Amino acid sequence: MGIDNSLKVDIGGGLQLKNPIMTASGTFGYGSEFADYLDLQRLGGIVVKGISLQPRPGNPPPRIVETSCGMLNAIGLENVGVENFSSAKMPFLRKIGTPVIVNILGDSIEEYSELAEKLNVIEGISAIEVNISCPNVKKGGVAFGTDPVMVKKVTESVKARTSLPVIIKLSPNVTDITATARAAEDGGADTISLINTLMGIAIDHRTRRPKLANIIGGLSGPAIKPVALRMVWQVANAVKIPVIGIGGIMSTEDALEFMVAGASAVQVGTANLVDPDTAERIIDGIGDFVEELGCQSIQEIVGTLRTD
Ligand SMILES: Cc1cc2nc3c(=O)[nH]c(=O)nc-3n(C[C@H](O)[C@H](O)[C@H](O)COP(=O)(O)O)c2cc1C
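Quick caveat: nothing in here was measured; it's all calculated off a predicted structure.

J.: How would you sum up the overall build of the protein? Please name residues and give values.
T.: A count of helical and extended segments in the protein gives eight helices and 18 strands. Here the C-alpha atoms of the protein give a radius of gyration of 18 Å, agreeing with the 19 Å that 2.2 N^0.38 yields for 308 residues. C-alpha extents for the protein along the principal axes are approximately 55 × 50 × 45 Å. Residue burial in the protein is summarised as follows: out of 308 residues, 54% are buried. For the protein, the proportion of contacts with a sequence separation of at least 24, taken over those separated by at least 6, is 70%.

Right, here's the structure in full:
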C-alpha cells in the first residue's frame, strides 16, 4: 500500500509520521509481540515499553485488574534495561520501517539524562518519550511529573544530552495540567504527550484486601477518556508545541475527538489488550474520514473544537 499524503502529520522536532496513529508505551511490548495481529509497517509510530538504565523486575502479581470501563495496572515499570533493549529488541524494530519512539523512565535526573545520551547513539530511534510519572527517589519519592520545577529540569537535562526529538509525557495526577505542560515547553520539549494513567484502587470487599499487590495502580481505558480530552484541550490551548493525545482511545471516533480537541496525533493503549488490531482499524477509519470530508490533510481538523 502506498503512502497517503493526506494522513501525514508533523509532531514536532522535525518528526513527521505517515499517519497520526501510534501505539502507547507499555501496551504494545517491543512491537514484535503484535506482529501476528496487524501490519506494523502501517502504524504512524510505535512507542515501546518504558526503558530504564538497568533491567527492572517490576511489582509482584496480581498486577492487572479489570474495572468498570477500564483497567488498573501496577506493572512497576518492568523492562529489559537499555543495553538489552539495544541488542535484543532494536534489530527487529529498526527493520519495520515505522518510527520507533523509546519511552524512558528513571528515579533521578541523572538516570533520565544518561538514558537520553545512550539512546542518542543507537541507530533507528526517531524520538524519545519521557515518562515523568515516576517517583523521584532523591526527593522522597514524589513523582517528577507533579512538580513544574522538576518537569523543567528533567526536560532540560534530557534535551542537553540528545539530538533526538523529545516528547514529555505528562502525568494527569495534578491539579493544573497546564502548569506542567508549560514547564515542559519552557525546558525545551519538542512535543507533549498526555495522559498517563490516573491513580486508583480496586478492593475485594469480601477479603477486604486490595485487588493489586501494589494496592495503588494506574487507571486506563474508556473510563479516563473524558478526563484525557479535557486535559488535551487545556494543554493544546496553553502551549505552542504539538500535543499527542492518549487516554481510552478505542475507535476512529475517539481518535478524531482528540484531534479536534487539539492533538496532532494520538496513541492507542489499553485497546491493544482488548483487540490487538485496533490501531490498524483506526488508521483505515481516519482514511475513510478524510475521504468523506474531501479535505487535503487530516491536519486540518486539529484544534478545531468550536466553543462559541
Ligand atoms: C499495562 C500498562 C503498562 C503501561 N506502561 C507504561 C510505561 O511503561 N510507560 C508509560 O509512559 N506509560 C505506560 N502506560 C500508560 C499508557 O501508555 C497510556 O498513557 C495510558 O494507559 C492511557 O491510555 P489508554 O487509556 O489508551 O490505555 C501503561 C499502561 C498500561 C495499561
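Read on for the rest.
J.: Quick rundown of the site of the ligand? Include the residues and the values.
T.: Surveying the vicinity of the ligand reveals 24 residues, the closest of which are Ser25, Lys169, Gly221, Gly248 and Thr270. Here Lys169 contributes a side-chain N or O atom positioned 2.8 Å from an oxygen atom of the ligand. In this structure, an oxygen atom belonging to the ligand sits 3.2 Å away from a main-chain N or O atom of Gly269. Broken down by secondary-structure element, the contributors of at least two residues to the shell around the ligand are strand 4 (45-51) and strand 6 (70-73). Tallied by class, the residues present in the shell around the ligand amount to seven nonpolar, 15 polar and two charged.

J.: How would you sum up the packing of aromatic side chains? Please name residues and give values.
T.: Considering all chains together, one arrives at four aromatic pairs under this definition. Centroid distance Phe28 to Phe34: 4.2 Å. Interplanar angle 25°. Geometry classified as stacked. Taking the relative accessible area as the measure of exposure, Phe28 reaches 0% and is therefore buried. The interplanar angle of 65° and the centroid separation of 6.4 Å between the aromatic rings of Phe34 and Tyr37 together place this pair among those described as edge-to-face. For Phe34, a relative accessible area of 11% corresponds to the buried category. An aromatic cluster is present here, built from Phe28, Phe34 and Tyr37 joined pairwise through their rings.

J.: Quick one: what's the story with the sheet that holds strand 11 (residues 166-169), residue by residue and with numbers?
T.: Spatially, the eight strands close up into a barrel ordered 3-4-7-8-11-12-17-18, and their pairing is parallel. Taken pair by pair, the neighbouring strands of this sheet meet at an average axis angle of 25°, ignoring direction. Of the strand pairs in this sheet, strand 11 and strand 12 (residues 191-194) are connected by three bridges, and their pairing is parallel. Looking at the pairing, Lys169 lines up with Ser193 of strand 12. Where helix 5 (residues 225-238) meets the sheet, its contacts fall on strand 12 and strand 17 (243-246), and the angle it forms with strand 17 comes to roughly 175°.

J.: Please give an account of the side chain of Ser171 that cites residues and values.
T.: Locating Ser171 in the fold gives a position in the loop between strand 11 and helix 4 (177-186). Among the polar contacts listed, one links the side chain of Ser171 to the backbone nitrogen of Asn173, at a separation of 3.1 Å.

J.: Any details on a nonpolar patch on the surface? Residues and values, ideally.
T.: Taken together, the side chains of Met199, Ile201, Ile203, Ile215 and Ile216 define a hydrophobic patch exposed on the protein surface, amounting to about 510 Å² of accessible area. Topologically, Ile203 is positioned in strand 14 (residues 203-204).

J.: Describe the sheet that holds strand 6, listing the residues and the values that go with them.
T.: Ordered by their spatial adjacency, four strands build an open sheet running 5-6-16-13, and the pairing between neighbours is antiparallel. In this open sheet, the two edge strands, each paired with only one partner strand, are strand 5 (64-67) and strand 13 (198-201). The mean angle between the axes of side-by-side strands here comes to 40°, regardless of whether they run parallel or antiparallel. When strand 5 meets strand 6, the two strands line up antiparallel, connected through four bridges. Bridge pairing in strand 6 places Glu66 opposite Met71.

J.: How would you sum up a negative patch on the surface? Please name residues and give values.
T.: On the surface, Asp4, Asp288, Glu291 and Glu292 cluster together into a patch of negative charge. Residue position: Glu292 is located in helix 8 (residues 278-293). Classification of Glu292 as exposed rests on a relative accessible area of 66%.

J.: Any chance you could break down the pairing of strand 8 (residues 127-131) for me, citing the residues and the numbers?
T.: A large share of strand 8 lies buried, amounting to five of its five residues. One ladder, built from four bridges, connects strand 7 (residues 100-104) with strand 8; its direction is parallel. In the strand pairing of strand 8, Asn103 is matched with Glu129. Remark: the strand 7/helix 2 (residues 109-120)/strand 8 crossover connection has right-handed handedness. By the bridge criterion, four bridges tie strand 8 to strand 11 in an arrangement that is parallel.

J.: Got a sec to walk through helix 8? Specific residues and values, please.
T.: Spanning 16 residues, helix 8 covers 22 Å between terminal C-alpha atoms, matching the ideal 22 Å at 1.5 Å per step. The secondary structure elements touched by the buried residues of helix 8 are strand 3 (21-23), helix 6 (252-261), strand 18 (265-268) and helix 7 (271-274). Residue Gly294 follows helix 8 closely and has a positive phi angle near 70°.

J.: Which residues make up the nonpolar core, and what values go with them?
T.: In this structure, Val130 and Leu194 are the most contacted members of the largest nonpolar core, which totals 89 residues. Sequence-distant contacts of Leu194, defined by excluding residues within four places in its chain, comprise Leu170, Ile177, Met231, Val232, Val235, Val243, Ile244, Gly245 and Ile246. Counting residues in each nonpolar core, the second largest holds five residues, with Val65, Leu72, Ala202 and Leu212 among its members.

Each value, and the rule that gives it
- Residues numbered from 1 in each chain as written.
- Predicted model: local features only at pLDDT ≥ 70, side-chain atom pairs only at ≥ 80, totals over all residues.
- Heavy atoms only, no water.
- Helix = DSSP H or I, 4+ residues; strand = E, 2+ residues; numbered from the N terminus.
- Rg over C-alpha atoms; globule rule 2.2 N^0.38 Å.
- Buried < 20%, exposed > 50% of the residue type's maximum accessible area, 1.4 Å probe, protein only.
- Contact = heavy atoms within 4.5 Å.
- Near = heavy atom within 4 Å.
- Polar contact = N/O pair within 3.5 Å; in protein donor to acceptor, adjacent residues only side chain to side chain.
- Nonpolar A, V, L, I, M, F, W, Y, C, P; charged D, E, K, R; others polar.
- Phe/Tyr/Trp six-rings, centres within 6.5 Å; stacked < 30°, edge-to-face > 60°.
- Pairing = 2+ DSSP bridges.
- Axes fitted to C-alpha atoms, helices over the stretch in contact; angles between N-to-C directions.
- Patch = residues over 30% accessible without salt bridge, like charges linked within 9 Å, V, L, I, M, F, W, Y side chains within 5 Å.
- Areas by Shrake-Rupley, 256 points an atom, 1.4 Å probe, with all protein chains shown as cover.
- Salt bridge = Lys/Arg side-chain N within 4 Å of Asp/Glu carboxyl O.
- Lys, Arg positive; Asp, Glu negative; His and termini not counted.
- Charge placed at Lys NZ, Arg CZ, Asp CG, Glu CD.
- Right-handed = clockwise from strand over helix to strand, strands pointing away.
- Expected span 1.5 Å × (residues − 1).
- Core = buried A, V, L, I, M, F, W, Y, C linked by side-chain atoms within 4.5 Å.

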